[in-house]
Amino acid sequence: MTSDLAEIAAVSARPWHSLDDTEVEDRLATHPGGLCREEVRARLARYGPNELMDDAGPSGLATLLDQVRSPLVVILVVAGVVTALLGEYADAVVIAVVVVLNTTVGFVQERQAERSVRALLLLVSPRARVVRDHADWEVESRELVPGDVVLLESGARVPADLRLTTTTALQVDESALTGESLPVVKGTAPLPVATGLADRTNLAYAGTTVTSGRGRGYVVGTGRQTELGTIAREVSEVQQTATPLQQRMERLARVIGVVVVGCALLAFALGMIGGRAASEMFLIAVALAVSAVPEGLPVAFTITLAAGVRRMARRRAIVRRLPSVETLGSTTVIGSDKTGTLTENVMTVRQVWTADGVTHLTGIWDGRTVDCAPVMGPNGHDRTEPRQLTLLTGILTNEAEVVQTADGIRTQGDPTEAALLIAASRLGLDPDEEREAYRMVAEVPFEPERQFSASVRQRDGTRLLLVKGAPERVLAMCDAMLTGHGPVRLDHDAVQLAAHDMASEGLRVLAMAHRVLPPTPVELDGLEEPSGLTLLGLQGMADPPREGARDAIAACRDAGMRVVMITGDHAATARAIGNELGIAEDDAAVATGVEVEAMDDAELHRRVGEVDVYARTAPEHKLRIVRAMQANGDVVAVTGDGVNDAPALKAADIGIAMGKRGTDAAKESADMVLADDNFVSIAAAVEEGRVTFDNIRKVVAFVLGTNAAEVLTIVIALALDWPLPLIAAQILWLNLVTDSLQVMALAFEPGEPDVMARSPRGRSAGILSRVMWERVGITSLVITVGTLFLFRWELDQTGSEGIAQTAALTTMVLFQMFQALNVRSPSRSLFRMHLFANPLLLVAIIASIAIHVIALYLPWTQYLLRVEPLDLAVWVRATLVASTVVAAAEVHKLLRRDGEFAS
């Protein structure tokens, strides 16, 4: 009894793929005739429906509250409340609009991101064929329970995880789940316990699709207990990381908060020391705090990011989250999927080998352009020539279809067999004509155990036995090989070397052979083990790299970014494609998912800095790799199109999904979607991301420089016991009106010439570099001194505090105009830049000056702002004083150009 219990416990601990049929039936308490209805009801109550029930997720209120936790937004809310208490209701309304705008944008973006797991529901088949009570039934997939017997056929979507017990030429497309580019041939034999997810050929996974053949199996996992459910849990548990820009904005907002409070306290203290009333100084301190808040900065961020979104969209990259626009510009590592991203996701014959030589086929054929000339005999196609017979065999041992359409070609059936038809078409044969000319007599379909398929065809009284299969299997049936001069003795070594060379290049190799049969009826039993064949040739196929992908990878490397391939495909294929694309060298190490799983965190953190190609990775492996890179300080972008990519896409600093071939789960988990599924578009998006961040820097430098000058002007005037050069309403006028147009225009500034020649910014780098902070300090001092000088001049000359304050306000407006021109480039001289490269900025400058002039003469603005009209002499003096900030910036650019982008 004790030994029986131990044996049962040992079986229960082993994974499904390691058990034989009897052990599976015992563990599930089922049998080939299926479960009875009462048992199904009991198990449905126990295990629940076969659904990917995701959690409700955070409420709308919780998501909304998250948007107002940013320190900068909190400061704005406080500023709005204080402004309203001061009676400046118009300014309070403007600040409220700024807060509502930013909160709304963030709320909408976050709610869209919560649909990640729900997209997985679309991958579950709504109906399934099952055997229950020894009868064949069609039921709702949600009603499946562990132990059910499910029937599979070509075109069906697998409704649950199955342990297969019977297969007939069964092949399943698992690319969306495992990343394997070819359909997987399924079998039933038990496998070792350590077999990886993608190599468990006796399992069929929920959400995958049967491409050909038939099969049956026991349900071993439903709902969240399936591999698809595991991914759903991982996606829901992954915490979406803040983008580098969001982290930098948080740090900047904290600095601004400290400065605001510090300036208010300093102003209050100076006033009290100068003998002013406490009530007066309280109002002045509050007004100064309000003036120190850059009210236009959140709007400026939103506008700049939105402009980046539009530019990226024009270059085929669609951004789902605004802060992600800039993240690509900070990216240090791009972890790219292989199938469909770096490659075309179209199986294509790359080489045709015969004893007479090798034919190389390049590119992807669209059905209209022939890039390889066919070999022609004196009477048309020479069907005795080895290459033509190799291609002909690929046509006649084939169940796929290739259909010509107005847009090119469309394939149906197994991708490998479709590739053979396309290769024959490219090299001069018409599959339809050849199939019509050679009548089918008999055939042996492909089986995993058999490793070949055979077809007997007849034409003009001649019968041919044509065989296609694995090279080692077909070679065992041959005793000769065909050359242009006729059959010769089979050279095993030469053929095996050719097959090995193809395989080392990541090609899947098929061998073709034939034998002329006597004109007598063919017995199928005699075709099970053919012999005496003549080898015709080999065809090697693979999913070719996308056009331009190699150049795009090189451009990313030139921009200081590593490109790493993370694929579910085989190691040899991954290494070959990686070498062809310039990702890795011939002898570069390839880490498999099994190896990643065996590493502890410390070893993985070390290895991710060395390995550029990962193969046979499961979703959890990809997620660990991404997190290890982030732990090393890298800003990681991840590309993908399958369900297996969803957790890593969500965890990455920026997830990039494929728009055409990508699953809904991948798109909903991603921050950006490539409309053309092309890695080349990523390089373009990186450039736009860097331009966007540059423009954010320009906006921040402009806003902080002018705001700092306003605060310094008030503080120094208080310290000198002068009248206030600017009142609160005038400062808010500067912050929310006159400089807003220029801030918006700076968001559309063209990129710097060297934008793709710089190294990525570190995660800890701030929005402004050290040198840019220097310039902000210098220019704000110049603006402060100039404004105070003109204020004191006009006060002494006219004795009118109103005229002096209006002159100071006008000087500030003109300083803003020159400062907007200064920040157009952090390193290039203003006088070397094209004046009309950003026409919006010129329009904004002219408009802001015009608005200010109008405000000086309209009675209601005169009253609100406490301003008076100025004569021409004051305007001239103000313009001359304001222009000094250009000279200061130009001198600093000349002295500190080399260190401009230092952190």
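Just so it is clear, the structure is predicted and the values come from calculations on it, not from any experiment. Residue numbering note: each chain is counted from 1, following its sequence as written. Reporting of local features is limited, given that this is a predicted model, to residues whose pLDDT is at least 70; pairs of side-chain atoms are given and counted only at 80 or more, and all residues count toward the totals for whole chains, interfaces and linings. Where side-chain values are given, they derive from all heavy atoms of the structure, hydrogens and water being excluded.

(A) Local environment of a negative patch on the surface. The patches reported here contain residues having more than 30% relative accessible area and no salt bridge. Joining distances are 9 Å for like charges and 5 Å for nonpolar side chains (Val, Leu, Ile, Met, Phe, Trp, Tyr). For the accessible areas, the method is Shrake-Rupley and the probe is 1.4 Å, while residue cover comes only from the protein chains on display. Salt bridge, as used here, is a side-chain nitrogen of Lys or Arg placed within 4 Å of a carboxyl oxygen of Asp or Glu. Think of it this way: Lys and Arg go in the positive column, Asp and Glu in the negative one, and His and the chain ends go nowhere. Here the site of a charge means NZ on Lys, CZ on Arg, CG on Asp, or CD on Glu. Taken together, the side chains of Asp430, Asp432, Glu433 and Glu436 present a region of like negative charge at the surface. A run of H or I in DSSP counts as a helix once it spans at least four residues, and a run of E counts as a strand once it spans at least two, with each numbered from the N terminus. Looking at where Asp430 falls in the secondary structure, it is placed in the loop between helix 15 (415-426) and helix 16 (431-437). Buried residues are those whose accessible area, probed at 1.4 Å on protein chains only, stays under 20% of the maximum for their type, while exposed residues exceed 50% and partly exposed ones sit between those limits. Its relative accessible area of 31% is what places Asp430 among the partly exposed residues.

(B) Summary view of helix 19 (residues 549-558). The set of residues buried in helix 19 consists of Ala549, Ala552, Ile553 and Cys556. Buried residues of helix 19, seen end-on, are gathered within an arc of 100° and therefore sit on one face of the element. Exposed and oriented more than 90 degrees from the buried face of helix 19 are Asp551 and Asp558. Note on contacts: a residue pair is in contact if any heavy atoms of the two residues lie within 4.5 Å. Residues of helix 19 that are buried make contact with strand 9 (333-336), helix 13 (338-342), strand 21 (562-566), helix 20 (571-581) and helix 26 (680-719). Positive backbone phi, at 90°, marks Gly560, one or two positions downstream of helix 19. Our arc is simply the arc of the directions from the helix axis toward the C-beta atoms.

(C) Geometry of the side chain of Thr165. Following the sequence through the fold, Thr165 ends up in strand 4 (residues 161-173). Thr165 has contacts with Asp21, Thr188, Arg216, Gly217 and Tyr218, leaving out every residue within four places of it along the chain.

(D) Looking closely at the nonpolar core. By size, the foremost hydrophobic cluster in this structure holds 111 residues, and its most contacted members are Ile656, Met672, Phe679 and Val700. Those residues in contact with Met672, other than ones at most four positions away along the chain, are Met312, Ala317, Ile318, Val319, Arg320, Leu328, Ile654, Gly655, Ile656, Ala657 and Ala685. Among the buried residues, those of types Ala, Val, Leu, Ile, Met, Phe, Trp, Tyr and Cys that are joined through side-chain atoms within 4.5 Å form a nonpolar core.

(E) Structural context of the sheet that holds strand 23 (residues 613-615). By the convention used here, strands pair only if DSSP detects at least 2 bridges between them. The 8 strands lie next to each other as 8-26-25-24-9-21-23-22, forming an open sheet whose pairing is mixed. The open sheet has two edge strands with one neighbour each: strand 8 (317-319) and strand 22 (590-592). On average, each strand axis in the sheet is inclined to that of its neighbour by 20°, with strand direction left out of account. As defined by bridge partners, strand 21 adjoins strand 23 across 2 bridges and the pair is classed as parallel. Paired with Ile566 across the bridge in strand 23 is Tyr614. On top of the sheet, helix 23 (residues 619-631) reaches strand 9, strand 21, strand 23 and strand 24 (636-640); it is set at about 160° to strand 24, its chief contact. For helices, the fitted line uses only the C-alpha atoms of the stretch in contact; every axis is such a line through C-alpha atoms, and the angle between N-to-C directions lies from 0 to 180 degrees. Most of the contacts of helix 26 go to strand 26 (residues 672-674), to which it runs at about 135°, and overall it touches strand 8, strand 9, strand 24, strand 25 (654-658) and strand 26.

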